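One letter stands for each residue in the lines below.
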Amino acid sequence: MLDLSVIILTYNEELHIRRCLEKISPYVKQVFIIDCFSSDKTLEIAREYSNVMILQNKWPATKYAGQFNWALENAPIDSKWVLRLDADEYLLPETIAELNEKLHCLPNNVTGIVLKRRHIFFNKWMKRGTYPVKLLRVFCYGKAKCEQRLMDEHIQLLEGTSVEFDNDFCDHNLNNISWFCHKHVEYATREAVDLLDIEYDLTGAAATDDEKNISDQAIVKRQKKHKYAKLPLFLRSFIYFFYRYFIKMAFLEGKEGFAWSFFQGWWYRTLVDAKVFEARKWLSANGYDYKHLDDKGKVALKGFIKDNWKISI
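Residues numbered from 1 in each chain as written. Predicted model: local features only at pLDDT ≥ 70, side-chain atom pairs only at ≥ 80, totals over all residues. Heavy atoms only, no water.

A word on the packing of helix α7 (residues 235–247) against helix α8 (residues 254–285)
Relative orientation of the contacting elements α7 and α8 amounts to 165°, with a least axis distance of 8 Å. Taken together, the axis directions place α7 and α8 in an arrangement best described as roughly antiparallel. Two packed elements cross with a definite hand, and for α7 against α8 that hand is right-handed. Note on element contacts: α8 touches α7 through Gly257, Phe258, Trp260, Ser261, Phe262, Gln264, Gly265, Trp266, Arg269, Thr270, Asp273 and Val276, opposite Arg236, Ser237, Phe238, Tyr240, Phe241, Arg244 and Tyr245. Residue composition of the contact of α7 with α8, grouped by class: 9 nonpolar, 6 polar and 4 charged. (Axes fitted to C-alpha atoms, helices over the stretch in contact; angles between N-to-C directions. Helix = DSSP H or I, 4+ residues; strand = E, 2+ residues; numbered from the N terminus. Parallel < 35°, antiparallel > 145°, perpendicular 65-115°, else oblique. Left-handed = near helix turned anticlockwise from the far one by under 90°. Contact = heavy atoms within 4.5 Å. Nonpolar A, V, L, I, M, F, W, Y, C, P; charged D, E, K, R; others polar.)

Have a look at this one:
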């Protein structure tokens, strides 16, 4: 058995939770389900597994990071290592075998492990376009936390260094395409706020991205995002789609590859830009120069975001 505990945040995940638990619970010390008061059969299913402990906590204002860090502070974790896993994700057998082979013999200065995420869309592995996405998902208990961000929260090491393992975990959501699009409408609002923060330095958080001890790929991605934020609205979303679909050859993944690249790339990124455009139009209509926004304008923009998008920053 791996000296490893798993933290899974849930809310109405009956569609995914059995698959997730069946693939991980036999191999780890304990699984902690941190549930936001599900109303479906999520907890009924979770209680079937002897090494699963359920804790419930109201979804905090600090979103995913706040809930995950609450779990780190309140779950009775007694393993050396912790794995962050979503309910619609699971480890492959070869990944579990690699953890079993390597986890116990890592040097003391290694406190984090980077795994590759493979996206499965319409039941097909998207081998081209975005793969591999490398994420720090395994870490020593007490040596890491989830960084506080509106979007793309990563595990941040507080000390030590990380190594990369060879095998993957899967992100395989079983909901339909309507659910997928609705989810990305919500994501688009948070992503728009993130880009506005980069553009206008609304919180000061973006300036510290390069200093965080997260995966190397995540740092490079953040650097690219800062460059992306400077590109013209709407053109940048098309460029991103073109890069993924043609340069990264997602077109070789057939109809699934087109839908994945279009919805998660062009359509989603265009929606983000439309929200940024909406904010800029509001600034102009209220007498602010969005190209050279002063401190008064920043305060006004924060108010717009809170009143219209229900996000406090």
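Quick notes on unusual backbone geometry
Across the chain, the bulk of peptide bonds are trans and the bulk of non-glycine residues have phi less than zero. The omega torsion across Tyr131 and Pro132 is 0°, close enough to zero to call that bond cis. One non-glycine residue with positive phi stands out, namely Lys63, at about 60°. Position of Lys63 relative to the elements: it lies in helix α3 (residues 63–74). Residue Asp201 is not a glycine yet carries a positive backbone phi of 55°. Relative to the elements of secondary structure, Asp201 occurs in the loop between α5 (177–200) and α6 (216–228).

Observations concerning the packing of aromatic side chains
Overall, the coordinates contain 24 aromatic pairs when judged by the stated rule. Ring pairs connect the aromatic residues Phe238, Phe241, Phe242, Tyr245, Phe246, Phe251, Phe258, Phe262, Phe263, Trp266 and Trp267, which therefore count as one cluster. Over the aromatic face of Tyr90 sits the side chain of Lys23, whose NZ or CZ is 5.1 Å from the ring centroid. The ring of Phe165 is capped by Lys102, whose NZ or CZ atom sits 5.1 Å from the centre of that ring. (Phe/Tyr/Trp six-rings, centres within 6.5 Å; stacked < 30°, edge-to-face > 60°. Lys NZ or Arg CZ within 6 Å of the ring centre and 35° of its normal.)

A word on the environment of Leu158
Positionally, Leu158 belongs in the loop between β10 (155–157) and β11 (161–171). Note: C-alpha distance between Leu158 and Lys212 (54 residues apart in sequence) is 8.8 Å. In contact with Leu158, not counting residues within four places along its chain, are Gly142, Lys143, Ala144 and Lys145.

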